[in-house]
Each structure stands twice: as C-alpha cells, then as structure tokens.
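Below are the chains, spelled out letter by letter.
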Amino acid sequence: MGRMPPDDLTRVERRVWRAFATGEQVGLGDDRPGRDPERTVRAEVIAALLLSQDDPATRPGHDRTPAVRLAGARITGRLDLAGAEVPWLLSLYNCVLERPPDFSHAATRTIKINNSVLPGFAAIWARISGHLTLAESQVRGTVELTGTRVSGEVRMNDASIGRKGGSGSQAALSAGGLTVEGGCYGRGLRVRGGMRLAGARLRGGVVLSGAHLEDPDGTALDLENAEIANALHCSAGFTAHGTVRLRSARVAGRVSFRRARLTAPGIALHATRLRCDELDLHTAGPVTGEVRLSYSVLGTLADDSRTWPEKLHLNGMVYESLRHDNVHDDMRRRLGWLSRDPSGFRPQPYEQLAAFYRRLGEDNAARAILYAKQRLRPKRNFADRAFATVLQVTVGYGYRPQRAAAWLGGLLTLGSVAFALHHPAALKPDEAPHFNPVLYSLDLLSPIGGFGQRDAFDPVGVWQWLAGALVAAGWVLATALIAGVGRVYNRD
C-alpha cells in the first residue's frame, strides 16, 4: 500500500494488510473458525483498509483492484462503516462475525458475506454499487435494508435469517423501499420472522423458489405496493407460514405459486388490487387460509380446482383468460369456485366468468353462468321474490326462453284435449266458424288473439274457469318472456 501498516497488527492482520493491495484472498482455514488467535482479525483493521483512499493499483506494477477478501476468519469487534464512502469490495467466506456489521447510509462497493455466521446485518439507506450477497450464511438476528439502493443483484440463496422460534414487531428481513437494479435471488432461503419489502422496486425480478418463510401470526412475505419487473417466483417448494401480502403490487410478468404451500390462520394470500401478466396458483395442496384477489387485474389466472381454498374473495377481479391443468375443471366447477366468497353473493364475478366463456364462443356456458347469477341474487321482499320465481320458472330469467315454449306446448295440449272432449257452445251459431280445439286453445293463450275462436264460443262451468286460466297463463308467459329476454339483451 501507499502507507505503512500500524505497528500493533498481529501476524494474521499483516497478511490481510499486504494482500489488500492486489485484492488476493487470505485463507485462514477451510472451515469456520473457533477462537484460534491465528484465525482472528479485528473489524477495525478491515474498516481501515476499506476506507483507505490510496489506490495502489495506480502505481507501477499493480494491475489488480484492491479488496478485502477473507476466508475462514473470526472477526472481532464491530465493522462500523455507517455513513462512510467505501471504495473497495468486501468479500468474506466461511467467516464468523462476533457483532453485526453496519453499512447504514454508506456508499459502498460489492459486499459478499457467503457461508458465514453473523448476529445481524444493517445497510439502511445505503448505496451499493455492485452486488449484496449473504448466500449460505446464517444471520442470527435481523437484516435491515430499508431504503437501500443496489445497482447489481441481491443474492441470499440458501441463507438463514432470524432467531429460532422468534417473531415480533420487527421483521427478520426489513427492506421496505429497497431498490435493486438486478435480480433478487433467495432460492432455499429460510426466514424466521418474515420478510418486509413493501414499496420495493425490484427491476430484475424475484426468485424465492424453495424458500421457507415463517411468521405464523403475522406476515411471512410483504410485497405490498412493490413494483417487480420480469417475474415473482414463489414456487418449487416455496413455503409460507403466515400471510403472503401482494396488495397493490405491480408485476410486469408472472407471479408463480406453482407447487408452493401457503398456510395462515387468517389470510394466506392477500393479493387485492394486484396487477400482473399471469398468476399461477397451482399450489402443492389446498391453500390453508383465505385467498383475497378482489379488484386484481390479471392477464391469465392459472389454477386447479383440487387446490382451491375454502374461502376465496373474487369480487372485482378482472382477467383475460383462465388456464387449468385439471381437465375436469369445467363450467360447473367454476360456479362452485364463485360460491367460495365468504362475503356472500357478488354479481361481478359471475359476469366476468360469463364474459370469459363468451370470448371462447361458449355461449351456452355463458348463459348458464348468468342464469346462476340471477338465481342466487338476494331478493329484497315478497314481491321481488314472487316476480323472480315467475321469471325463473317460465323463461329462466331470460337465459332459457325455451322454457316458455315448453309451458306453451303443455298448456296448448291441455286445452286442446279438454275442449276437444267438451266443445263450448257458439255465441252466434249462424255466424260462428267451425270449432277447432287447438286453434281455440291457442287463441286463449295468445294475449292478442287473432284466430277468431275465442270470441265466437262461450264455455260454461268448469270449462269457463279453464279458459280463463289459459288466458291468464298466456299473459304471464308473454310478460315473463318480454321482461326476461328484454333485460338480457339490454345488458348485452
């Protein structure tokens, strides 16, 4: 280096000091250290090197960038670089840190702490020009990254964060407002106490495949109001004990929970107002807890009836298409899907599902769904219930007008047979047309007549009551048909 090392350095620390100029790794062992003095380095020595402004690489004979690279070391004291300008890379492997390093409000280069043990890590409102890596490390406390900006990637694959059995008001990983230009990788990550990334800007996507997140009475993963480019993968063995919160998140790609396990005593997945290209809910088994998708906007919803939760909020959700792996997920099962809303009947999910089937050209399925919507719609009072019953029985609320034809055929047959056996007397025998029981019955059923039979003959006794009943039935059928079908076409 451009200056002499302090006189109080140990032999091991002098090795670190000399290696810094070329960025070479100082290996003190192939495993994590105990309390061997020959494998101990003070944090203040590392801090002094990282804060050095003298760049030996600018001197003749130096063609490598300075860096602190340590393997198998025990680091005593606190690595306190809060608020500092750190121009050099820090790389620790198989190390044990006795106190949590602090990079809060610092401007620093890449930080790599891999396969190491540390009691915590803080980089609140820091600016990291490079990568932040805690892969395969055990953080026996909290990781604090609130407001931090990382120009590279965040890598926490197979790391373990949080205290055993502990969860509290503070999340084990607090990263609200975190901005990452590259990807965020947490394959196999284990977090006890939950992850908070509310309002994060994650421009390279998020991969949490196989991760295990715990906060049973709280939020296991919080991405509320987050903006994620590319995709969010909580799949391939991802497990969350506690709420996964995606409320108002924006994902420019796919959100996948394929082969994931979601459990919570209350809300397992809170994704109201989520926006994404695709939401994959092919979970490893039925979700334990509520799933809330109200007012979300999805390009595609991929799911499977075998993994639907018992409670599913769908009101206001909009989607372009539905995709499922189970060939038996037909329209009738989808009606059961809509009925899982614990808040009760909501018309919008039925209309949205009918619109999807109509786009597929499945008009019969669309009409069946809209018929079910009308049948399940709450009726306010007796008159409303009575009118709805008439519409349902006669024309299927306008979605099954063939019912009116069936009623007409049945009543026409009844009248024709009855009046064929008992001809009514003619009012003016000399002027009356030839009696035809079929035309007479049809004339009674038609509100406007037109066959010249009804006004020419006069039934008496019980046959008069039958004729009156046919007239009334004709008016009811005509009114129901006009009201039901007209309402359907007006809405279309």
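A short tour of the structure in this document, coming up.

Section: the overall build of the chain
Part 1: Along the backbone of the chain there are nine helices and 34 strands.
Part 2: Within the chain, the fraction of its 492 residues that count as buried is 51%.
Part 3: In the form shown here, the chain has an accessible surface area of approximately 22,600 Å², with 51% of it arising from carbon and sulfur atoms.

Examining the pairing of strand E5 (residues 89–93)
Part 1: Extensive coverage of E5 is indicated by the burial of four of its five residues.
Part 2: One ladder, built from four bridges, connects E5 with strand E7 (residues 107–114); its direction is parallel. In the sheet register, Leu-92 faces E7, and the bridge partner there is Ile-113.

Some thoughts on the packing of helix H3 (residues 331–338) against helix H4 (residues 347–359)
Part 1: At their nearest, the axes of H3 and H4 sit 10 Å apart, and the two run at 155° to each other. Here H4 runs roughly antiparallel to H3, going by the angle between their axes. Seen from above, H3 lies across H4 with right-handed handedness. Facing Met-331, Arg-334, Leu-335 and Leu-338 of H3, the residues of H4 in contact are Pro-349, Tyr-350, Leu-353 and Tyr-357.
Part 2: In terms of residue class, the contact of H3 with H4 is made up of seven nonpolar, no polar and one charged.

Here's the deal with unusual backbone geometry
Part 1: With a phi close to 60°, Asn-94 is a non-glycine residue in the positive phi region.
Part 2: Along the polypeptide, Asn-94 turns up in the loop between E5 and strand E6 (96–97).
Part 3: Relative accessible area serves as the criterion here: at 7%, Asn-94 is assigned to the buried category.
Part 4: Non-glycine residue His-105 carries a positive phi angle of around 60°.

Focus on the pattern of salt bridges
Part 1: Using the criterion set out here, one finds 20 salt bridges in the structure.
Part 2: Ionic pairing is found between Glu-38 and Arg-11, a salt bridge with its closest N-O pair at 2.4 Å. Of the two residues, Glu-38 is situated in the loop between strand E1 (25–27) and strand E2 (40–42) and Arg-11 in helix H1 (residues 11–20); the sequence distance between them amounts to 27 residues.
Part 3: Owing to a relative accessible area of 40%, Glu-38 belongs among the partly exposed residues under this scheme.
Part 4: Salt bridges linked by common partners bring Arg-254, Arg-258, Glu-278, Asp-280 and Arg-323 together as one network.

Things to note about the nonpolar core
Part 1: Counting 115 residues, the largest nonpolar core has Phe-238, Leu-246 and Phe-257 as its most contacted members.
Part 2: Not counting chain neighbours up to four residues away, the residues in contact with Phe-257 comprise Cys-234, Phe-238, Val-244, Leu-246, Leu-262, Leu-269, Leu-279, Asp-280, Leu-281, His-282 and Thr-283.
Part 3: Counting residues in hydrophobic clusters, the runner-up holds six residues, among them Phe-419, Phe-435, Leu-466 and Leu-470.

Topic: the environment of Leu-90
Part 1: Along the chain, the position of Leu-90 falls in strand E5.
Part 2: Between the C-alpha atom of Leu-90 and that of Ala-67, which follows or precedes it by 23 residues, the distance is 6.1 Å.
Part 3: Apart from the residues within four sequence positions on either side, Leu-90 is in contact with Ile-46, Leu-50, Val-68, Leu-79, Phe-103, Thr-110, Ile-111 and Lys-112.

Considering the packing of aromatic side chains
Part 1: Per the counting criterion, the structure on display carries eight aromatic pairs.
Part 2: Between Phe-238 and Phe-257, the ring centres sit 6.4 Å apart and the planes meet at 65°, which makes this aromatic pair edge-to-face. With a gap of 19 residues between them, Phe-238 in the loop between strand E24 (227–233) and strand E25 (239–245) and Phe-257 in the loop between strand E26 (250–256) and strand E27 (261–270) connect regions that are remote in the sequence.
Part 3: When the centroid spacing of 6.1 Å and the interplanar angle of 35° are considered together, the rings of Trp-308 and Trp-337 count as tilted. Placement of Trp-308 in the loop between strand E30 (297–303) and strand E31 (312–313) and of Trp-337 in helix H3 is noted, with a sequence separation of 29 residues between them. Both residues of the pair, Trp-308 and Trp-337, count as buried.
Part 4: Through pairs of rings, three or more aromatic residues link up here, namely Trp-308, Tyr-319, Trp-337, Phe-356 and Tyr-357.
Part 5: Sitting over the ring of Tyr-295, Arg-273 keeps its end group 5.0 Å from the ring centre.

Here's the deal with the packing of H1 against helix H2 (residues 43–50)
Part 1: It is the contact of H1 with H2, at a shortest axis distance of 11 Å, that shows an interaxial angle of 15°. By the angle class used here, H1 and H2 are roughly parallel. Seen along the crossing, H1 lies across H2 with a hand that is right-handed. Of H2, the residues touching H1 (which contributes Glu-13, Val-16, Trp-17 and Phe-20) are Val-45, Ala-48 and Leu-49.
Part 2: Taken together, the residues that form the contact of H1 with H2 break down as six nonpolar, no polar and one charged.

Overview of the pairing of strand E29 (residues 288–292)
Regular strands place their side chains on alternate faces of the sheet.
Part 1: With four bridges connecting them, E27 and E29 associate as parallel partners. In the strand pairing of E29, Ile-267 is matched with Glu-290.
Part 2: Where E29 meets E31, two bridges bridge the pair, whose relative direction is parallel. In the strand pairing of E31, Arg-292 is matched with His-313.

A word on H2
Part 1: Taken across its eight residues, H2 has six buried, putting it largely inside the fold.
Part 2: Buried-residue contacts for H2 involve H1, E2, strand E3 (67–71), strand E4 (74–76) and E5.

Topic: H1
The α-helix advances 3.6 residues per turn, and as a result positions three or four apart in sequence lie on the same side.
Part 1: Looking only at H1, the buried set comprises Val-12, Glu-13, Val-16, Trp-17, Ala-19 and Phe-20.
Part 2: Residues of H1 that are buried sit in contact with E1, E2, H2 and E3.

What counts and what doesn't
Residues numbered from 1 in each chain as written. Predicted model: local features only at pLDDT ≥ 70, side-chain atom pairs only at ≥ 80, totals over all residues. Heavy atoms only, no water. Helix = DSSP H or I, 4+ residues; strand = E, 2+ residues; numbered from the N terminus. Buried < 20%, exposed > 50% of the residue type's maximum accessible area, 1.4 Å probe, protein only. Areas by Shrake-Rupley, 256 points an atom, 1.4 Å probe, with all protein chains shown as cover. Pairing = 2+ DSSP bridges. Axes fitted to C-alpha atoms, helices over the stretch in contact; angles between N-to-C directions. Parallel < 35°, antiparallel > 145°, perpendicular 65-115°, else oblique. Left-handed = near helix turned anticlockwise from the far one by under 90°. Contact = heavy atoms within 4.5 Å. Nonpolar A, V, L, I, M, F, W, Y, C, P; charged D, E, K, R; others polar. Salt bridge = Lys/Arg side-chain N within 4 Å of Asp/Glu carboxyl O. Core = buried A, V, L, I, M, F, W, Y, C linked by side-chain atoms within 4.5 Å. Phe/Tyr/Trp six-rings, centres within 6.5 Å; stacked < 30°, edge-to-face > 60°. Lys NZ or Arg CZ within 6 Å of the ring centre and 35° of its normal.

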